[in-house]
Amino acid sequence: MGKKAPKASRKLAAKGELKRQIQERHKHQKVKKQINIRKAQKAAKANGKSKGRGHDKGEDGDEEDDEEDGTKDNKFQGMSVDAFLGAGFMNGKGESDNSGSDNDDDDDEDEDQGSEDGSFASVDELSDEGEVHLQELSKLAEKDPEFYKYLQENDQELLEFDPASVDVDDAMEGDYGGEEMEEMPILTREILKSWQKALLEQRSLRALRKLLVAFRSAAHIQDDDDSNVHLAWRIDNPTVFAKLVKTALRYTPVILDHHIPYKTLPNGKFKQPPTSKKFKALTKLLLSHFHNVIHVISSLPQHSSAEETEDGKDVEMTILALGESSKLLPYVIGSRKAVKVYLKMCLDLWSSAQDSVRIAAFLAIRRLGSASDEAILDLVLKGTYLTLVRSCKSTSSHTLPSITLMKNSASELYCLPGHDNAAYQHAFGYIRQLAILLRGGMKSMTKESYKQVYNWQFVHCVDFWTLVLARACGREATLTATRESELKALIYPLVQISLGAIQLIPTPRSYPYHLQILRSLLHLSRHTTTYIPLTSHILPILQYSLSPSTSGKSSSLRPLPLDTTIRSPAPYLRTRIYAETLAEEAVFVLAEWMGTAQVQGSIAFPEICVPIKMVLRKSLKGSKGAKQAASVKMLIERMEEGAKWIEERRRGVKFAPADVDDVHGWEEDVRLKLGDTPVGKALKILRKAREKRMKLLEKARDGEDEVLDT
């Protein structure tokens with residue numbers, strides 16, 4: 001057994017310092033070896049000998065000469081302990097596997113071997129005359145005018161850059177620091193401009209590596225001293241810092257698209273670039289840069305409004321980083337760990353940041369969901385839905401707009417073209433969970449089981465799935481799709497679950513909850529042209545509001561906001577203000593239902609209205625509330641006028657009820673004129689009055705002086 005390493009050495013290795021020191025020592029030895037080779041070449045030239053024969057096999061040249069001679073037996077002969085430890089064997093990589101080595105070694109190999117690819121040219125070769133610089137920029141304006149326009153707007157200094165003013169030695173200073181440098185080099189504007197020039201003119205991968213190494217220093221500039229991240233540059237100027245971050249974010253996708261283009265399929269999906277030598281060599285660098293971008297986004301402060309940030313700079317930087325990082329997804333999609341970390345960060349921003357950042361985060365999530373890998377799509381759909389459910393445990397007037405934004409954007413993910421199968425599997429499982437909760441409440445009939453159904457999460461989940469089904473199975477989607485969506489089969493079970501939840505607790509205190517579910521079902525019925533019988537659940541609310549026992553009790557309470565309420569407080573019961581609020585909302589929902597194409601556009605509309613008018617007229621006889629009675633009477637009059645309007649148009653028909661095709665053709669002609677029907681005209685008036693009242697409520701919440709008529 002070998003001798004155990006000292007405790008200090010083991011601690012050094014655990015912290016990662018041993019590996020770093022070995023790498024720096026190896027790096028320093030390579031530089032020293034190059035210097036010795038150059039000295040030997042000069043000495044050989046001075047003695048009149050041929051180039052390359054003037055140096056002996058020394059302690060620093062054994063490894064290179066052995067590779068040239070191809071001798072494997074004497075491979076380690078003459079190597080010192082430092083050279084052996086620095087040979088990279090501790091990393092588990094052979095000498096032949098240079099494509100996966102770290103990026104510092106890649107650049108040194110490129111410099112030693114004299115790569116034929118012009119993109120790996122050194123910084124020395126980039127110091128051209130000013131005329132060549134202008135010619136290259138003019139070519140850039142022709143080849144990529146959008147990118148050139150961005151430079152004119154945001155980086156005018158680069159277009160006016162004088163290459164002669166750059167000190168190349170300063171630009172190379174950060175590469176060969178080694179042990180001889182005690183302090184990190186300072187990144188200046190001139191160095192950054194030289195990298196930008198190399199990226200623009202030659203699409204240089206070497207300049208890209210330098211830029212990303214500097215970006216890593218900028219990303220971890222505020223980290224603690226205990227961090228294991230090795231910083232190669234010191235950035236003292238905040239202007240240089242901002243310019244470095246923006247340059248790295250914007251230039252990297254452009255350079256990668258030039259060297260490693262990826263394929264986009266006709267359905268919008270993208271594939272990872274094909275495996276090549278360049279892609280293998282850049283994989284680790286890109287993953288490191290991707291994690292650095294995530295670190296930058298996570299370190300930026302996120303607020304609910306732009307006024308809380310310094311001129312909105314943090315918000316702009318976050319939006320820029322999200323947009324540019326999404327362009328890197330095709331290159332890092334093979335790393336499942338990086339994808340999960342990126343998705344979690346985007347979901348956190350999507351659920352907590354201000355609206356502009358939420359939208360940018362959603363676009364990044366949507367981009368990730370467009371990958372050709374179905375496993376990644378499953379992660380996106382599952383993470384999106386669970387994040388939505390966690391974010392809607394409670395609802396108020398302040399959180400409702402953000403929850404609505406999340407529901408609308410998440411529904412778009414479940415309706416991505418070509419992903420019906422994955423969306424159906426997730427939707428089926430989550431709708432089934434709602435059914436299990438409802439069944440538990442109907443069986444046990446306990447307070448705890450009722451709470452599993454009568455909560456905001458259940459309401460928003462039902463509303464979310466109605467949005468998904470309405471988008472996937474609506475008329476517009478049906479016309480553009482080549483086949484019927486698989487999600488259409490879930491309309492019936494979702495409607496049954498929603499109606500069962502309404503019937504679970506049919507008490508006046510639960511009427512706000514009933515109206516929430518009814519509005520969701522109304523949206524589904526309107527967009528999918530599916531007939532859903534809602535009158536049996538709307539009429540009890542109108543009967544309660546018109547009852548004499550609920551209209552006589554006055555109160556000084558404010559009107560109950562039904563949009564942010566699912567259970568009425570006890571003081572509101574049997575009060576006039578509660579009855580008027582319920583009547584106004586129930587009349588609007590009933591009018592919306594009557595104005596749908598399945599009801600107003602039906603040839604049987606006069607017969608549909610008969611039982612509804614009978615129930616409403618009976619409730620009006622004993623009503624004492626003038627306000628709610630007036631709105632109900634108006635609705636009855638519009639229903640009668642609408643029935644006469646349909647009767648006049650069906651009077652001259654020559655087909656029987658059994659002629660289904662003729663009936664559908666007649667109804668299609670009528671549905672084109674729904675806005676001209678009496679019910680349609682009344683509905684427009686109700687919508688305008690409702691919008692006006694909502695605007696007044698928003699102004700009142702903001703503290704403006706507005707008077708609300710109750």
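Residues numbered from 1 in each chain as written. Predicted model: local features only at pLDDT ≥ 70, side-chain atom pairs only at ≥ 80, totals over all residues. Heavy atoms only, no water.

### As for the overall build of the chain
Next up, step 1: When helices and strands are counted, the chain shows 32 helices and 0 strands.
Next up, step 2: Taken over 710 residues, the chain has a buried fraction of 44%.
Next up, step 3: Considering only residue pairs separated by 6 or more positions, the chain has 74% of its internal contacts joining residues 24 or more positions apart.
Next up, step 4: Of the roughly 37800 Å² of accessible surface on the chain, a fraction of 51% belongs to carbon and sulfur atoms. (Helix = DSSP H or I, 4+ residues; strand = E, 2+ residues; numbered from the N terminus. Buried < 20%, exposed > 50% of the residue type's maximum accessible area, 1.4 Å probe, protein only. Contact = heavy atoms within 4.5 Å. Areas by Shrake-Rupley, 256 points an atom, 1.4 Å probe, with all protein chains shown as cover.)

### With respect to the environment of Ser409
Next up, step 1: Along the chain, Ser409 falls in helix α19 (residues 400-413).
Next up, step 2: Owing to a relative accessible area of 8%, Ser409 belongs among the buried residues under this scheme.
Next up, step 3: In sequence terms Ser409 and Leu363 are 46 residues apart; their C-alpha atoms lie 9.2 Å from each other.
Next up, step 4: Not counting chain neighbours up to four residues away, the residues in contact with Ser409 comprise Trp350 and Phe362.
Next up, step 5: Within the structure, Ser409 has its side chain in polar contact with the backbone oxygen of Leu405 (distance 2.9 Å). (Polar contact = N/O pair within 3.5 Å; in protein donor to acceptor, adjacent residues only side chain to side chain.)

### A word on the packing of helix α13 (residues 277-299) against helix α16 (residues 336-352)
In helix packing, the relevant descriptors are the interaxial angle and the interaxial distance, both defined with respect to the helix axes.
Next up, step 1: Close contact between α13 and α16 brings their axes to 11 Å; oriented N to C, the two are set at 20 degrees. Classified by the angle their axes make, α13 and α16 are roughly parallel. α13 and α16 meet at a crossing whose hand is left-handed. Residues Leu287, Phe290, His291, Ile294, Ile297 and Ser298 of α13 form the contact with α16, whose own contacting residues are Ala338, Val341, Tyr342, Met345 and Leu349.
Next up, step 2: Residues that form the contact of α13 with α16 fall into these classes: 9 nonpolar, 2 polar and no charged. (Axes fitted to C-alpha atoms, helices over the stretch in contact; angles between N-to-C directions. Parallel < 35°, antiparallel > 145°, perpendicular 65-115°, else oblique. Left-handed = near helix turned anticlockwise from the far one by under 90°. Nonpolar A, V, L, I, M, F, W, Y, C, P; charged D, E, K, R; others polar.)

### Concerning the packing of aromatic side chains
Next up, step 1: What the rule picks out here adds up to 17 aromatic pairs.
Next up, step 2: Measuring from ring centre to ring centre gives 3.9 Å for Tyr454 and Tyr513, while their planes differ by 20 degrees; the resulting arrangement is stacked. With a gap of 59 residues between them, Tyr454 in the loop between α21 (447-451) and α22 (456-473) and Tyr513 in helix α25 (residues 511-528) connect regions that are remote in the sequence. With respect to burial, Tyr454 and Tyr513 carry one shared label: buried.
Next up, step 3: Considering the side-chain rings of Phe464 and Trp465, the 4.8 Å spacing of their centres and the 65 degrees angle between planes classify their relative orientation as edge-to-face.
Next up, step 4: The class of Trp465 is buried, set by a relative accessible area of 0%.
Next up, step 5: Joined through ring pairs, the aromatic side chains of Tyr385, Tyr414, Tyr430, Phe464 and Trp465 make up one cluster.
Next up, step 6: Here the guanidinium or amino end of Arg690 rests over the ring plane of Phe588, the centre of that ring lying 4.4 Å away. (Phe/Tyr/Trp six-rings, centres within 6.5 Å; stacked < 30°, edge-to-face > 60°. Lys NZ or Arg CZ within 6 Å of the ring centre and 35° of its normal.)

### Let's talk about the pattern of salt bridges
Next up, step 1: According to the stated counting rule, one finds 21 salt bridges in the structure shown.
Next up, step 2: Close ionic contact of Lys197 with Glu201 constitutes a salt bridge, the shortest N to O distance being 3.1 Å. Taken together, the positions of Lys197 and Glu201, both in helix α10 (residues 189-202) and 4 residues apart, correspond to about one turn of that helix.
Next up, step 3: Given the relative accessible area of 14%, Glu201 is considered buried.
Next up, step 4: Residue Arg519 is joined to Glu585 by a salt bridge in which the shortest nitrogen-to-oxygen separation is 2.5 Å. A residue pair is termed long-range when its members are at least 10 positions apart, and Arg519 in helix α25 and Glu585 in helix α28 (residues 576-594) qualify at 66 residues.
Next up, step 5: By sharing partners, the salt bridges in this structure join Arg519, Asp563, Glu585 and Arg690 into a single network. (Salt bridge = Lys/Arg side-chain N within 4 Å of Asp/Glu carboxyl O.)

### Some remarks on α25
For an α-helix, 3.6 residues make a turn, and residues three or four places apart therefore share a direction.
Next up, step 1: Its 18 residues place the ends of α25 26 Å apart at the C-alpha level, agreeing with the 26 Å of an ideal helix rising 1.5 Å per residue.
Next up, step 2: Counting buried positions along α25 yields 15 of 18 residues, so the element is predominantly enclosed.
Next up, step 3: Positive phi appears at Thr529, one or two residues downstream of α25, with a value of about 50 degrees. (Expected span 1.5 Å × (residues − 1).)

### Observations concerning the packing of helix α18 (residues 374-391) against α19
Next up, step 1: Relative orientation of the contacting elements α18 and α19 amounts to 165 degrees, with a least axis distance of 10 Å. In terms of orientation, α18 lies roughly antiparallel with respect to α19. Between α18 and α19 lies a crossing of left-handed hand. From α18, Val380, Leu381, Thr384, Thr387, Leu388 and Ser391 reach across to α19, where they touch Ile403, Met406, Lys407, Ala410 and Leu413.
Next up, step 2: Residue composition of the contact of α18 with α19, by class: 7 nonpolar, 3 polar and 1 charged.

### Details of the side chain of Ser326
Next up, step 1: Counting through the fold element by element, Ser326 comes out in helix α14 (residues 313-326).
Next up, step 2: The class of Ser326 is buried, set by a relative accessible area of 11%.
Next up, step 3: Those residues in contact with Ser326 that sit more than four places away from it in its chain are Tyr342, Ala364 and Arg367.

### A word on α28
Next up, step 1: Compared with the 27 Å implied by 1.5 Å per residue over 19 residues, the 26 Å span of α28 between its first and last C-alpha is a close match.
Next up, step 2: By the criterion of burial, α28 is predominantly enclosed, with 17 of the 19 residues buried.

### Quick notes on the nonpolar core
Next up, step 1: Within the largest apolar cluster, 166 residues are counted, with the highest numbers of intra-cluster contacts made by Trp465 and Met594.
Next up, step 2: For this core, the element with the most residues is α22, which contributes 12 residues.
Next up, step 3: Ignoring anything within four residues of it in the chain, the contact list for Met594 reads Val599, Gln600, Phe605, Cys609, Ile612, Met639 and Val679. (Core = buried A, V, L, I, M, F, W, Y, C linked by side-chain atoms within 4.5 Å.)

### Re the environment of Lys313
Next up, step 1: With respect to the secondary-structure elements, Lys313 resides in helix α14.
Next up, step 2: Given the relative accessible area of 52%, Lys313 is considered exposed.
Next up, step 3: The spatial distance from the C-alpha of Lys313 to the C-alpha of Leu300 is 9.9 Å, given a sequence separation of 13 residues.

### Concerning the confidence of the model for the chain
Next up, step 1: Confidence in the prediction for the chain averages 78 pLDDT; 74% of positions are at 70 or higher.
Next up, step 2: Summarising per-element confidence for the chain, the mean pLDDT is lowest in helix α9 (residues 168-172) (38) and highest in helix α24 (residues 491-504) (96). (pLDDT = per-residue confidence, 0-100.)

### A closer look at unusual backbone geometry
Most peptide bonds take the trans form, and the phi angle of most residues other than glycine is negative.
Next up, step 1: Phi is positive for Met445, which is not a glycine, with a value near 55 degrees.
Next up, step 2: Met445 sits in the exposed class, given a relative accessible area of 56%.
Next up, step 3: At Arg574, a residue that is not glycine, the phi angle is positive and equals roughly 60 degrees.
Next up, step 4: Its location among the elements puts Arg574 in the loop between α27 (548-551) and α28.
Next up, step 5: Judged by relative accessible area, Arg574 falls into the partly exposed class, the value being 46%.

### As for the environment of Phe241
Next up, step 1: Checked against the element boundaries, Phe241 lands in helix α12 (residues 238-259).
Next up, step 2: Separated by 22 residues in sequence, Phe241 and Ala219 have C-alpha atoms that sit 9.6 Å apart.

### Describing the side chain of Asp463
Next up, step 1: Turning to its location among the elements, Asp463 is positioned in helix α22.
Next up, step 2: Classification of Asp463 by relative accessible area gives buried; the value is 17%.

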